[in-house]
Amino acid sequence: MMTPRQVSEDRGSPQHFRHTPLQVIHIVGNFLRIWSIYSLYRYLSQTGASVVLFLFICLIPASILFLILQKPWKGRPLSNTQVVPSIINGGITALYFILWGKGLKSCGPLRAIMAEYSGAILGVLSAVLYGRKGHAWKKIGGLIAMVASFYFLSQGWATETYSPFSFKDNVDAEVQPEQVLGMKEMAIPIFAGILSALRRVIARRVSLKNQLKRRLHALTIASATCFMFPIAMWDVIIGSASSSSNKMPFSTWAFLSTILFGVILIFYVDSIAEERLHMVFSSPKHLMGAGGCIIVMETVYKLDFSLPGFLICCIVLGFGIYEATSLERGRKDSFQKPDSSDGILGDEDQMSALPT
């Protein structure tokens, strides 16, 4: 006769193999999204196009596709307590896209992608306001590690030109050297990462069911498109007055990849990872996968890249995220719930163990 422990082990072993295809989908989806980011950066750097206007043009078909796929007007009627926060979340999403685009254009794709993991700061804020003092200091230590990693990135540690771990005397002539930035320039993508984490927390808080989450996300993207409209139009007015009359070339690949991979596909991929793999964006596992994709893209695009310096920044940032979003692992009382690291607005019912 089999013991309950043996039964649980027999049931748990094939579960790992069932998750393997989902892990592959998650890695491929993030790779395609990062590929679209590098394509967008190359287009913006070569043409000098307005990043706000380009992202607004991408959000228009993306919001239409989300509305067609999810049909938020069908099914169970949505209450005002769900619709109103989703519309407000659309304003936060619009501000996130604006700051993220400007950070991408000024800091480059590597720094912009790495800065997105600054959303783990919400876990630090949650611990300082509501957690124990011991865990608050632990999370503050993680915050210091994250700030150190962003400082190293701003000083060019991940570039071959300025990395202290570079042993080459001369950089290849084909490689365009990156610039050394300060924390003032890095503050834009870092704040965009915090907004990205905040919009995920709000969406998780409002929608308790997965299907409801997708319907509300369609409203959020449509709302973000509406919020971005006046800003994009203002950017067009300023840009048309200062730029020349020559028409800028348009990149179909950058446009389609941003819509399909950077907005639509990544939402479903992250939803699958969060619901089935219990892996959220601001986590060391997610950072590890994104780091591998960044290494591939930096090599393919032949950018100013230092692998040792980038790995050091990734390790320091991963350690900071691990400490900033860590739960109380040493508890012995089984009836106590672990602290949620979702930030202030974490959902205590279903995803209390998930970071931001």
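Residues numbered from 1 in each chain as written. Predicted model: local features only at pLDDT ≥ 70, side-chain atom pairs only at ≥ 80, totals over all residues. Heavy atoms only, no water.

Trainee: Before we go on, may I ask you to explain the packing of helix H3 (residues 80-107) against helix H7 (residues 183-206) in this structure?
Mentor: One can describe the packing of H3 onto H7 by two numbers: an axis separation of 8 Å at closest approach and a directional angle of 160°. In this view, H3 runs roughly antiparallel relative to H7, as classed from their interaxial angle. Handedness of the H3/H7 crossing: left-handed. Partitioning the contact of H3 with H7 into residue classes produces 17 nonpolar, seven polar and three charged. (Axes fitted to C-alpha atoms, helices over the stretch in contact; angles between N-to-C directions. Helix = DSSP H or I, 4+ residues; strand = E, 2+ residues; numbered from the N terminus. Parallel < 35°, antiparallel > 145°, perpendicular 65-115°, else oblique. Left-handed = near helix turned anticlockwise from the far one by under 90°. Nonpolar A, V, L, I, M, F, W, Y, C, P; charged D, E, K, R; others polar.)

Trainee: Can you walk me through the packing of aromatic side chains in this structure?
Mentor: Working definition: an aromatic ring pair is given by the centre-to-centre distance plus the angle between the planes. Under the defined criterion, the tally for this structure stands at 16 aromatic pairs. With centroids separated by 4.8 Å and ring planes inclined at 15°, the aromatic side chains of tyrosine 117 and phenylalanine 281 adopt a geometry described as stacked. Here tyrosine 117 is found in the loop between helix H4 (109-115) and helix H5 (121-130), whereas its partner phenylalanine 281 is found in the loop between helix H9 (252-275) and helix H10 (284-300), with 164 residues between them in sequence. Given a relative accessible area of 1%, tyrosine 117 falls into the buried group. Take phenylalanine 281: its relative accessible area is 8%, and that puts it in the buried class. Put simply, the rings of Phe31, Trp35, Trp253 and Phe261 touch in pairs and so form one group of aromatic residues. (Phe/Tyr/Trp six-rings, centres within 6.5 Å; stacked < 30°, edge-to-face > 60°. Buried < 20%, exposed > 50% of the residue type's maximum accessible area, 1.4 Å probe, protein only.)

Trainee: What's the story with empty space enclosed by the protein in this structure? I'm lost.
Mentor: To find leftover empty space, a probe the size of one water molecule is rolled over the atoms. Inspection of the entire model under this criterion finds four cavities of 30 Å³ or more. Size it by volume and the largest cavity reaches roughly 550 Å³. Elements with a contribution of two residues or more to the lining of the largest cavity: helix H1 (4-47), H3, H7, helix H8 (210-242) and H9. Sort the elements by how many residues they give to the lining of the largest cavity and H9 lands first, with eight residues. For the lining of the largest cavity, the per-class residue count stands at 16 nonpolar, 10 polar and seven charged. The volume enclosed by the second largest cavity comes to roughly 100 Å³. Cys107, Gly108, Pro109, Leu110, Arg111, Leu153, Ala158, Thr159, Glu178, Glu298, Leu303 and Asp304 are the residues that line the second largest cavity. At three residues, H4 tops the list of elements feeding residues into the lining of the second largest cavity. (1 Å grid on protein atoms, 1.4 Å probe; cavity = no way out; pocket = protein on both sides within 12 Å on 5 of 7 lines; lining within 4 Å. Points joined across faces, edges and corners; volume = space filled by probe spheres on them.)

Trainee: Can you help me understand the pattern of salt bridges in this one?
Mentor: Pairs may arise between side chains of opposite charge once their charged atoms sit close together. Per the counting criterion, the structure on display carries five salt bridges. Measuring nitrogen to oxygen at the nearest pair gives 4.0 Å for the salt bridge that ties arginine 200 to aspartate 270. Within this pair, whereas arginine 200 is found in helix H7, its partner aspartate 270 is found in helix H9, the two being separated by 70 residues in sequence. The salt bridge partner of glutamate 274 is arginine 204, with a shortest N-O separation of 2.8 Å. (Salt bridge = Lys/Arg side-chain N within 4 Å of Asp/Glu carboxyl O.)

Trainee: Quick question: what am I supposed to make of the packing of helix H2 (residues 51-70) against H9 here?
Mentor: Across the interface, H2 lies against H9 with an axial gap of 9 Å and an inter-helix angle of 45°. In terms of their interaxial angle, H2 and H9 are classed as oblique. The two elements H2 and H9 cross, and the hand of that crossing is right-handed. Contacts between H2 and H9 involve Phe54, Leu55, Ile57, Cys58, Leu59, Pro61, Ala62, Leu65, Phe66, Leu69 and Gln70 from the former and Ala254, Phe255, Thr258, Ile259, Val263, Ile264, Phe267 and Tyr268 from the latter. Here the contact of H2 with H9 is composed, by residue class, of 17 nonpolar, two polar and no charged. (Contact = heavy atoms within 4.5 Å.)

Trainee: For this particular structure, what's the right way to read the nonpolar core?
Mentor: In terms of nonpolar packing, the biggest core is built from 74 residues, with Trp100, Leu110, Met114 and Met228 touching the most fellow members. With residues near it in sequence (within four places) discarded, methionine 114 still touches Phe150, Leu153, Leu287, Ile294, Phe310, Cys314 and Leu317. (Core = buried A, V, L, I, M, F, W, Y, C linked by side-chain atoms within 4.5 Å.)

Trainee: What am I meant to see in the confidence of the model for the protein here?
Mentor: When pLDDT drops low, the exact placement of atoms in the prediction is not to be read closely. Here the protein averages 82 in pLDDT, and 79% of its residues register 70 or above. Note on residues 7-12: pLDDT is under 50 here. Beyond four places in sequence and across chains, it has two contacts. When the criterion is pLDDT under 50, residues 328-355 qualifies, and its contacts beyond four places in sequence or with other chains add up to 62 contacts. (pLDDT = per-residue confidence, 0-100.)

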